[in-house]
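One letter stands for each residue in the lines below.
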Amino acid sequence: MTTTRRRWPLTLALVAITAMACAAPDAGSDPASDSGATAAPGRTVEVTMTDLAFSPASITVADGETVRVRFTNDGELPHDAFVGDAAAQDAHGAEMAEAGGGHGGHGGHGTDGDDAGDAVTVDPGETGELLVTGTASGELLIGCHQPGHYEAGMVMQVASG
């Protein structure tokens, strides 16, 4: 004679535990304190890159606001966009010069929006995107560090608003 064991209580307990584990936040992760987390952009700002200029020459981003900046390269040369204050722009420019005279061949940046976050290189006729979060100081700049471009004035102000 075969006996059948009732496994329902055990099965229900396992299902309940699994459901609670899936619904519970990760105890070791606090999304608010995750330095890699960026707020979803509330709007998109269109910027045109021409040879040695950004248009518009400045954008306004409120303190704490995150915007998607979409760059379209209407110029004849590759351009890039690096986000940072004046000191970061200087350091980035020096780093790129030290790495071989700038970004020829896209050294240092991803192309067409594939970069990790603060810079992108955009080929002629292409587009690329960056997320930019406004600061209370309003000291952010977006600069192109292709050889000679930043020095020729290819920089835009990110004003706080």
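Residues numbered from 1 in each chain as written. Predicted model: local features only at pLDDT ≥ 70, side-chain atom pairs only at ≥ 80, totals over all residues. Heavy atoms only, no water.

Peer 1: Sorry, what's going on with the confidence of the model for the protein here?
Peer 2: Interpretation of this model should avoid reading the predicted coordinates in detail wherever pLDDT is low. Looking at the protein, pLDDT values average 76 and 65% of them are 70 or higher. Confidence scores differ between elements of the protein, with helix α1 (residues 8-23) showing the lowest mean pLDDT of 39 and strand β2 (residues 53-55) the highest of 98. Across residues 102-108 the pLDDT falls below 50, and counting only partners more than four positions away or on other chains, this stretch makes 20 contacts in the model. Counted against residues more than four places away or in other chains, residues 110-115, with its pLDDT under 50, gives 19 contacts. (pLDDT = per-residue confidence, 0-100. Helix = DSSP H or I, 4+ residues; strand = E, 2+ residues; numbered from the N terminus. Contact = heavy atoms within 4.5 Å.)

Peer 1: Can you walk me through the sheet that holds strand β7 (residues 127-133) in this structure?
Peer 2: The strands that make up a sheet are held in pairs by hydrogen bonds between backbone atoms, and each pair lies either parallel or antiparallel. Here we have four strands laid out as an open sheet, ordered β2-β1-β4-β7, and mixed in their pairing. Every interior strand has two partners, whereas the edge strands, β2 and β7, have only one. Across the sheet, the mean angle separating the axes of adjacent strands is 30° when strand polarity is ignored. (Pairing = 2+ DSSP bridges. Axes fitted to C-alpha atoms, helices over the stretch in contact; angles between N-to-C directions.)

Peer 1: I tried to follow the sheet that holds strand β9 (residues 155-159) on my own but got confused; where do I start?
Peer 2: Judged by pairing direction, the sheet is mixed, and its five strands sit side by side in the order β3-β9-β8-β5-β6 without closing on themselves. Edge strands, defined here as strands with exactly one partner in the open sheet, are β3 (58-60) and β6 (119-122). Across the sheet, the mean angle from the axis of one strand to that of its neighbour is 20°, orientation sign disregarded. Two strands pair when backbone bridges link them, and strand β5 (residues 79-84) and strand β8 (residues 140-143) are joined in this way by three bridges, in the antiparallel orientation. For F82, the partnering residue across the bridge sits in β8 and is G143. Running at roughly 135° to β5, helix α2 (residues 86-98) makes contact with β5 and β8 of the sheet.

Peer 1: Please explain the pattern of salt bridges as it appears in this structure.
Peer 2: Pairs can form between side chains of opposite charge whenever their charged atoms are close. One pass over the full model with this rule turns up four salt bridges. Where E46 meets R70, a salt bridge forms, and the shortest distance between an N and an O atom there is 2.7 Å. Of this pair, E46 sits in strand β1 (residues 43-50) while R70 sits in strand β4 (residues 66-73), placing them 24 residues apart in sequence. Among the salt bridges present, the one from E129 reaches R68, with a minimum N-O distance of 3.3 Å. Of this pair, E129 sits in strand β7 while R68 sits in strand β4, placing them 61 residues apart in sequence. (Salt bridge = Lys/Arg side-chain N within 4 Å of Asp/Glu carboxyl O.)

Peer 1: Any chance you could explain unusual backbone geometry here in plain terms?
Peer 2: For residues besides glycine, phi is generally negative; the peptide bonds are generally trans as well. Cis geometry marks the peptide bond from S55 to P56; its omega dihedral reads 5°. Within the secondary structure layout, P56 lies in the loop between β2 and β3. Backbone geometry at L52 places phi at a positive 75°, although glycine is not the residue there. In this fold, L52 is placed in the loop between β1 and β2.

Peer 1: Would you mind showing me how to read the side chain of Q89 here?
Peer 2: Within the secondary structure layout, Q89 lies in helix α2. Of the polar contacts made by the side chain of Q89, one reaches the backbone oxygen of L141; its length is 3.1 Å. Residues contacting Q89, with those up to four places away along its chain left out, are F82, V83, G84, L141, I142, G143, H145 and Y150. (Polar contact = N/O pair within 3.5 Å; in protein donor to acceptor, adjacent residues only side chain to side chain.)

Peer 1: Looking at this structure, I do not really get the side chain of D80. What am I missing?
Peer 2: Position of D80 relative to the elements: it lies in strand β5. The side chain of D80 is buried and forms no salt bridge, while R70, the nearest opposite charge, is found at 18 Å. For D80, the side chain forms a polar contact with the side chain of Q146, separated by 3.3 Å. (Buried < 20%, exposed > 50% of the residue type's maximum accessible area, 1.4 Å probe, protein only. Lys, Arg positive; Asp, Glu negative; His and termini not counted.)

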